[in-house]
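Fold and contact review
Below are the chains, spelled out letter by letter.
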Amino acid sequence: MFTNLTFDTVNIIILIILLEIALRFYYFYRRKTLTLFIDSPLLKPDKRTSKTLLYRNSIFRSYEKKPNIKKGLFISNNNSFGNTEDTSLVKEKNTIRIIILGGSTVEQKFNENSEVTLSWSELLEIKLKKKYPHTKFEIINSANSGYTVIDNNLDLLTKCVFFKPDFVFLYASINDAYLQPHSEFVYDYTHIRKIPNFPNMIWTEYIPHLKFSYISYYISELFMLLSKKILFLKKKNLFFYTHKNNREFKSDYSNIEYPIETFKSYLRSFYGICLANKIVPIFAPWQFNEELVSNPIKYIDYDDWDTKAFINLLESNNKSICDVAKECGEERGIYLDLFKMEKDCFNSAGQKNDWQHFSSKGLEKISEDVFQKLISNDLFQNRIIKK
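Okay, so let's go over this structure. No experiment lies behind these values; they were computed from the predicted model shown. (Residues numbered from 1 in each chain as written. Predicted model: local features only at pLDDT ≥ 70, side-chain atom pairs only at ≥ 80, totals over all residues. Heavy atoms only, no water.)

1. Comments concerning helix α8 (residues 257-276)
For clarity, the threshold we go by: Secondary structure elements follow DSSP: runs of H or I of four or more residues count as helices, runs of E of two or more count as strands, with numbering from the N terminus. Helices are assigned an expected span. That span is 1.5 Å times one less than the residue count. To sort residues, take the accessible area from a 1.4 Å probe on protein chains only and compare it with the maximum for the residue type: under 20% means buried, over 50% means exposed, and anything in between is partly exposed. Only heavy atoms matter for contacts: two residues are in contact if any of them lie within 4.5 Å across the pair.
Here α8 spans 29 Å end to end across 20 residues, near enough to the 28 Å set by a 1.5 Å rise per residue. Within α8, the full set of buried residues consists of Pro 259, Ile 260, Thr 262, Phe 263, Lys 264, Tyr 266, Leu 267, Phe 270, Tyr 271, Ile 273 and Cys 274. Next to the buried residues of α8 lie β3 (95-102), α4 (149-158), β5 (167-171), α5 (174-177), β6 (280-283) and α9 (307-328). Positive phi shows up at Lys 278, right after α8, with a value of about 60°.

What follows is the structure in structure tokens.
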């Protein structure tokens, strides 16, 4: 009896070893790569941290990144800014401090291959320091994924002004544009926004997994497949927690003038806050290439998507940005008339239909365009001279 038990145990071990070898060959055949240790397919590849775990509620700003996130595509410092280095509330003497507000197209630290890279705000800081070696520049990235102009204004009013910036650059429009063509549009965006309730954990990250076992990997992959096909469990992105119905609704452009005027009003609030706090506001049109525009992430119901109408909306918002900058005046604010970007400046070539975020070329181009426009601006030059 003992002999039979030992024989069965040995057979089981041999079968496990053979299965491990076979699965390694299968994995190599499918992926053209092989590693000794493998992470669970249930975990995200970007440093094994779900994006929704990186954010927290904020009393006045709806939500923001948690502080001191040091790894991955979405980092933060001690004050929840998207910078590698910590930021002090007290600005050093003779320092030019620039804060950039916006959404994920400012926050972005990834390229078309989902590789961690420098954000365009970091590239801009490098260029300014090289151009003016005797002036200390500090660019603070205060952008957060999904932020609208309302969120940016609240961020500016309740947080950023206390860091005493010399300039505040608002680069926004896209997240407003996705919410504007709504039949029940409300001026404060409550027709689609809700009070977020972020999770403290993602349950799939706590399913046991043996990193040295490909059997464990494929069991997890099978579980993931069954959870989607049978249990109908869907991955919840950031917008699930911040927007009603995961931002899915039918668009309605019949009364789009009112949402556009609302956006314009918030732009006026932006420069009003800046001027009241002796800050120079910086405006710029939100960059896109109209040949790439599509509805990639179900912000609006696919059956009702109107590409031409949405492009017109983006152009109208950019016109509003230009108009409000003119109202502010060249002696008080800066408008950067950025050059149009080519198609290869966006992620559409790397990630399907991602026409919003920049490719590596795009990150370099927007940083260079902003840099060139800034250094040729009299108001910017005068502020540097005074320092």
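Next comes the rest of the description.
2. Some thoughts on the pattern of salt bridges
What counts, and what does not: The salt bridge definition used is simple: a Lys or Arg side-chain nitrogen within 4 Å of an Asp or Glu carboxyl oxygen.
Within the structure shown, the criterion is met by 21 salt bridges. Notably, a salt bridge pairs Glu 64 with Arg 61, separated by 2.9 Å at the nearest N-O pair. On the basis of relative accessible area, Arg 61 is assigned to the buried category, the value being 10%. Here Arg 97 and Glu 138 are joined by a salt bridge, their closest N and O atoms 2.8 Å apart. Taken together, the residues Arg 97 in strand β3 and Glu 138 in strand β4 (residues 136-141) connect sequence positions 41 residues apart. Glu 138 matches Arg 97 in its accessibility class, with the two residues each being buried. Here the salt bridges share partners, and the residues they tie into one network are Arg 56, Arg 61, Glu 64, Asp 155 and Lys 159.

3. A few points about the packing of aromatic side chains
For the record, the criterion: A pair of aromatic rings is counted whenever rings of Phe, Tyr or Trp (Trp by its six-membered ring) have centres within 6.5 Å, and the orientation is called stacked for planes under 30 degrees apart, edge-to-face for over 60 and tilted otherwise.
Scanning the entire structure with this criterion turns up 27 aromatic pairs. Both rings, one in Phe 185 and one in Tyr 189, keep their centres 5.9 Å apart while their planes meet at 65°; by these two values the pair is edge-to-face. With respect to class, Phe 185 is no different from Tyr 189; both count as buried. Where Trp 305 meets Phe 310, the ring centres are 5.0 Å apart and the plane angle is 45°; that geometry is what we call tilted. With a relative accessible area of 18%, Trp 305 lands in the buried category. By relative accessible area, Phe 310 is classed as buried at 0%.

4. Regarding the sheet that holds β6
Definition in use: One bridge is not enough; two strands pair if DSSP finds at least two bridges between them. Fitted lines through C-alpha atoms serve as axes, helices being fitted only where they are in contact, and the angles separating the N-to-C directions of these axes extend from 0 to 180 degrees.
Taken together, the 5 strands give an open sheet; going across it, the order is β4-β3-β5-β6-β7, and neighbouring strands pair in parallel fashion. In this open sheet, the two strands that pair with only one neighbour each are β4 and β7 (334-335). In terms of strand pairing, β3 meets β4 through 6 bridges, oriented parallel. Bridged to Thr 95 within β4 is Lys 136. Along the sheet, α8 contacts β3, β5 and β6; its crossing angle with β6, the most-contacted strand, is approximately 150°. Its contacts with the sheet put α9 on β6 and β7, and the angle it makes with β6 is roughly 155°.

5. Description of unusual backbone geometry
Positioned with a positive phi, Lys 164 is a non-glycine residue whose angle comes to about 55°. Mapped onto the elements, Lys 164 comes out in the loop between α4 and β5. Lys 164 gets classed as exposed once you look at its relative accessible area, which sits at 55%. You will see that Tyr 189, though not glycine, has its phi angle at about 70°, which is positive. Residue classification places Tyr 189 among the buried residues on the basis of a relative accessible area of 1%.

6. With respect to a nonpolar patch on the surface
Rules: Patches here are clusters of residues that have more than 30% relative accessible area and form no salt bridge, with a 9 Å joining cutoff for like charges and a 5 Å cutoff for nonpolar side chains (Val, Leu, Ile, Met, Phe, Trp, Tyr). For the area figures, the Shrake-Rupley method with a 1.4 Å probe applies, and any residue is considered shielded solely by the protein chains shown.
Nonpolar side chains collect at one region of the surface, where Val 10, Ile 13, Ile 14, Leu 15, Ile 17, Leu 18, Ile 21 and Phe 25 lie side by side and expose about 770 Å² of accessible area between them. Relative to the elements of secondary structure, Ile 13 occurs in helix α1 (residues 2-31).

7. With respect to the packing of α4 against α8
Put simply, the test is: Should an angle fall under 35 degrees it is called roughly parallel, over 145 degrees roughly antiparallel, and 65 to 115 degrees roughly perpendicular, with every other angle called oblique. Crossings are sorted by hand: turned counterclockwise from the far helix by less than a right angle, the near helix makes the crossing left-handed, and turned clockwise it makes it right-handed. Residue polarity is assigned by list, with Asp, Glu, Lys and Arg as charged and Ala, Val, Leu, Ile, Met, Phe, Trp, Tyr, Cys and Pro as nonpolar; anything else, Gly included, falls into the polar class.
Two elements in contact, α4 and α8, have axes separated by 10 Å at closest approach and are oriented at 15°. The pairing of α4 with α8 is recorded here as roughly parallel in orientation. Remark: the crossing between α4 and α8 carries left-handed chirality. When α4 is examined against α8, the residues Val 149, Ile 150, Asn 153, Leu 156 and Leu 157 are found in contact with a partner set consisting of Phe 263, Tyr 266, Leu 267, Ser 269, Phe 270, Ile 273 and Cys 274. Residues of the contact of α4 with α8, tallied by class, amount to 10 nonpolar, 2 polar and no charged.

8. A word on the pairing of strand β1 (residues 55-58)
Sheet analysis places β1 next to strand β2 (residues 62-65), joined by 4 bridges and oriented antiparallel. From the neighbouring strand, Arg 56 faces β2, where its bridge partner is Glu 64. Hairpin connection between β1 and β2: a loop of 3 residues separates the two successive antiparallel strands.

9. Quick look at the nonpolar core
The test is simple: In plain words, nonpolar cores are sets of buried Ala, Val, Leu, Ile, Met, Phe, Trp, Tyr and Cys residues tied together by side-chain atoms within 4.5 Å.
Judged by nonpolar contacts, the single largest core of 51 residues is most densely connected at Trp 120, Leu 128, Phe 310, Trp 355 and Phe 380. It is helix α10 (residues 360-375) that provides the largest number of residues to this core, a total of 6 residues. Among all residues touching Leu 128, those that are not within four sequence positions of it are Ile 98, Phe 137, Ile 139, Phe 371, Ile 375 and Phe 380. Counting 31 residues, the second largest nonpolar core, distinct from the first, contains Val 161, Ala 172, Ile 192 and Ile 321.

10. Focus on the side chain of Asp 155
You can see Asp 155 is positioned in helix α4. Those residues in contact with Asp 155 that lie beyond four places of it in its chain are Arg 61, Leu 101, Ser 142, Tyr 147 and Cys 160.

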